[in-house]
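Next come the chains, spelled out residue by residue.
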Amino acid sequence: MEMRLIVVTVISIVVLAAIGLSVNEYPLVAAEGDSPYADGHTASGAGVVSLKSQNSFAITWIKLNYAIESNTALKIVAIIDHRENAKKSDLALRPTRLVIFGNPQLGTPLMQASQTAALDLPQKMLVFENEKGDVFVA
């Protein structure tokens, strides 16, 4: 469990740094008023970290994908565009995209040690825009 958390954390920090979101610049718990949620709460206590981007949704998405694609140790497994899926059901949703990525060379040994690691793997990152137009990577 501890090794799984370390690997997941390291991969996430590498990708966030590559798109210009530094854990040092942006605290793990959003400052008051920076919450991506309408009621002001953050999900960091539940294991989800949301970092505010200084870029638009489109630029943040492009940078995140480029960071993953340009890293030879990572492979994009799937991209889910929740906004487009909502439109197909005649529903409205602000920009919300999920990228699923990983590395079987790193993930497989973790799952061999504990098959429930498959619940956390492959890695996922979400880019979304809140009602104020702020963009976050979670």
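Residues numbered from 1 in each chain as written. Predicted model: local features only at pLDDT ≥ 70, side-chain atom pairs only at ≥ 80, totals over all residues. Heavy atoms only, no water.

**A few points about the sheet that holds strand β4 (residues 123-129)**
Condition: For two strands to count as paired, DSSP must find a minimum of two bridges between them. Helix numbering and strand numbering both begin at the N terminus, where a helix is a DSSP run of H or I of at least 4 residues and a strand a DSSP run of E of at least 2. Working rule for contacts: check all heavy atoms of both residues, and any pair within 4.5 Å makes them a contact. Axis definition: a line fit to C-alpha positions, over the contact stretch in the case of helices; interaxial angles, taken between N-to-C directions, run 0 to 180 degrees.
Pairing is antiparallel in the open sheet, where five strands are placed in the order β1-β5-β4-β3-β2. Two strands lie at the open edges of the sheet, namely β1 (51-52) and β2 (75-81), each paired on one side alone. In this structure, β2 lies alongside strand β3 (residues 96-102), joined through six bridges in antiparallel fashion. The residue bridging D81 from the neighbouring strand is R97, located in β3. Lying over the sheet, helix α2 (residues 57-69) contacts β2, β3, β4 and β5 (135-137), oriented at roughly 5° with respect to β3.

**Quick notes on the environment of V127**
Mapped onto the elements of the fold, V127 is located in strand β4. Through-space distance from the C-alpha of V127 to that of A58 is 9.4 Å; in sequence the pair is 69 residues apart. The residues contacting V127, other than those within four sequence positions of it, are F57, T60, W61, L64, P95, T96, R97, V135, F136 and V137.

**Some thoughts on α2**
For the record, the criterion: Residue count minus one, scaled by 1.5 Å, sets the expected span of a helix. Accessibility here uses a 1.4 Å probe with only protein chains present; expressed as a share of the type maximum, an area under 20% marks a residue as buried, one over 50% as exposed, and anything in between as partly exposed. In this context, the arc is that of the directions from the helix axis out to the C-beta atoms.
Between the first and last C-alpha of α2 there are 18 Å, a value that for 13 residues agrees with the 18 Å anticipated at 1.5 Å per step. Along α2, the positions that sit buried rather than exposed are F57, T60, W61, L64, N65, A67 and I68. When α2 is viewed along its axis, its buried side chains cluster within an angular range of 160° and face the same direction. Among the exposed residues of α2, those pointing more than 90 degrees away from its buried face are I62, Y66 and E69.

**Some details on the confidence of the model for the chain**
Worth spelling out the cut-off: As a per-residue measure, pLDDT reflects the predictor's confidence and takes values from 0 up to 100.
Considering every residue of the chain, the mean pLDDT works out to 81; 67% of them sit at 70 or more. Mean pLDDT across the secondary structure elements of the chain bottoms out at helix α1 (residues 2-18), with 59, and peaks at helix α3 (residues 82-88), with 98. Every residue in residues 22-32 scores below 50 in pLDDT, and together they form 15 contacts with partners more than four places removed in sequence or on other chains.

**Some remarks on the pattern of salt bridges**
Short version of the rule: Salt bridge criterion: a side-chain nitrogen from Lys or Arg within 4 Å of a carboxyl oxygen from Asp or Glu.
Within the structure shown, the criterion is met by four salt bridges. In this structure, D81 engages R97 in a salt bridge whose closest nitrogen and oxygen atoms are separated by 3.1 Å. Note that D81 is positioned in strand β2 and R97 in strand β3, a separation of 16 residues in sequence. What makes R97 partly exposed here is its relative accessible area of 24%. Across the salt bridge formed by R94 and E131, the nearest N and O atoms sit 3.8 Å from each other. Here the residue R94 occupies a position in the loop between α3 and β3, and E131 occupies one in the loop between β4 and β5, the gap between them amounting to 37 residues.

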